[in-house]
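Structural description and commentary
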Amino acid sequence: MVNVSSTKKFKTSESLRQGDSLSPFQFLLVMKILSKLVDDAVMNKKINGFQVVEDGIMISHLQFADEIFLFVDAREKEINLEKSTMISVGKDEVVDTLAMKLGCKVEELPF
C-alpha cells in the first residue's frame, strides 16, 4: 500500500542485513507481532500466564531490548520432562546443572 491505495507487487533485489537502516524497524515489527500472538494465546486460553496474587495481573511475557521471557503456568504432572529440552543462551553451567536435576535434555542453538 502506498498512500492508502494498493500498488502492483514488486520484487525485492536484496535482503536486509545487519547495519541496514531498516533492520531495527524490522526487529521491532517482529517483536510486536510475537507479543500480540502471545497475548492472543492467553486471551483464547491456549496458554496461561503467571499470576502473582489472586485476582492480580496475569504476566505472560516480558520483553527487554532483544530478549523475551515467556511465563507459563504449568503443573509438574503436566510436564513430560523426558520430552522437554532446555536451551542455554550464555549460562551453560547453570542450565546443565538444572537439567540434570530435572532430568531433561540440553541442546544448543544452531548458530
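This part takes up the overall build of the protein. The secondary structure content of the protein amounts to two helices and six strands. Counting from the amino terminus, helix and strand elements in the protein follow one another as α-β-β-β-β-β-α-β. Within the protein, the proportion of its 111 residues that are buried is 13%. Across the protein, contacts joining residues at least 24 apart in sequence account for 16% of those joining residues at least 6 apart. By element, 58% of the accessible surface of the protein is carried by carbon and sulfur atoms, the whole surface being about 10400 Å².

To continue, consider the confidence of the model for the protein. When pLDDT is averaged across the protein, the result is 76; 79% of the residues are at 70 or more. Model confidence for the protein, summarised as mean pLDDT per element, is weakest for strand β1 (residues 50-51) at 74 and strongest for helix α1 (residues 23-43) at 86.

Attention shifts here to α1. Helical geometry note: an α-helix holds 3.6 residues per turn, so side chains three or four residues apart project in the same direction. With 21 residues, α1 ought to run about 30 Å at 1.5 Å a step, and its terminal C-alpha atoms sit 30 Å apart, in line with that. Residues Ser23, Met31, Ser35, Val38 and Ala41 constitute the buried set of α1. Down the axis of α1, the smallest arc covering the buried residues is 125°, so these residues share one side. Pointing more than 90 degrees away from the buried face of α1 are the exposed residues Phe25, Leu28, Leu29, Lys32, Leu37 and Met43. The first or second residue beyond α1 is Lys45, which carries a positive phi of 60°.

We now examine the side chain of Ser35. Structurally, Ser35 can be placed in helix α1. Excluding its chain neighbours within four sequence positions, the residues that come into contact with Ser35 are His61 and Gln63.

Moving on, we get to the pairing of strand β4 (residues 67-70). Of the pairings in the sheet, the one linking strand β3 (residues 61-64) to β4 comprises four bridges and is antiparallel in character. Among the inter-strand pairings, Phe64 is bridged to a residue of β4, identified as Glu67. What sits between the antiparallel neighbours β3 and β4 is a turn of two residues, in which Ala65 has the positive phi angle 50°.

The next thing to look at is the environment of Val72. If you trace the backbone, Val72 turns up in the loop between β4 and β5 (85-87). In the structure, Val72 is positioned 23 residues away from Gly49 in sequence and 4.7 Å away in space, judged by C-alpha atoms.

Right, let's get into the side chain of His61. Position of His61 relative to the elements: it lies in strand β3. One polar contact links His61 to Ser35, side chain to side chain, over a distance of 2.9 Å. Here the side chain of His61 touches Ser60 through a polar contact of 2.8 Å, side chain to side chain. Excluding residues within four positions of it along the chain, His61 makes contact with Ser35, Val38, Asp39, Ile68, Phe69, Leu70 and Phe71.

Reading the values: the criteria
- Residues numbered from 1 in each chain as written.
- Predicted model: local features only at pLDDT ≥ 70, side-chain atom pairs only at ≥ 80, totals over all residues.
- Heavy atoms only, no water.
- Helix = DSSP H or I, 4+ residues; strand = E, 2+ residues; numbered from the N terminus.
- Buried < 20%, exposed > 50% of the residue type's maximum accessible area, 1.4 Å probe, protein only.
- Contact = heavy atoms within 4.5 Å.
- Areas by Shrake-Rupley, 256 points an atom, 1.4 Å probe, with all protein chains shown as cover.
- pLDDT = per-residue confidence, 0-100.
- Expected span 1.5 Å × (residues − 1).
- Arc of directions from axis to C-beta.
- Pairing = 2+ DSSP bridges.
- Polar contact = N/O pair within 3.5 Å; in protein donor to acceptor, adjacent residues only side chain to side chain.

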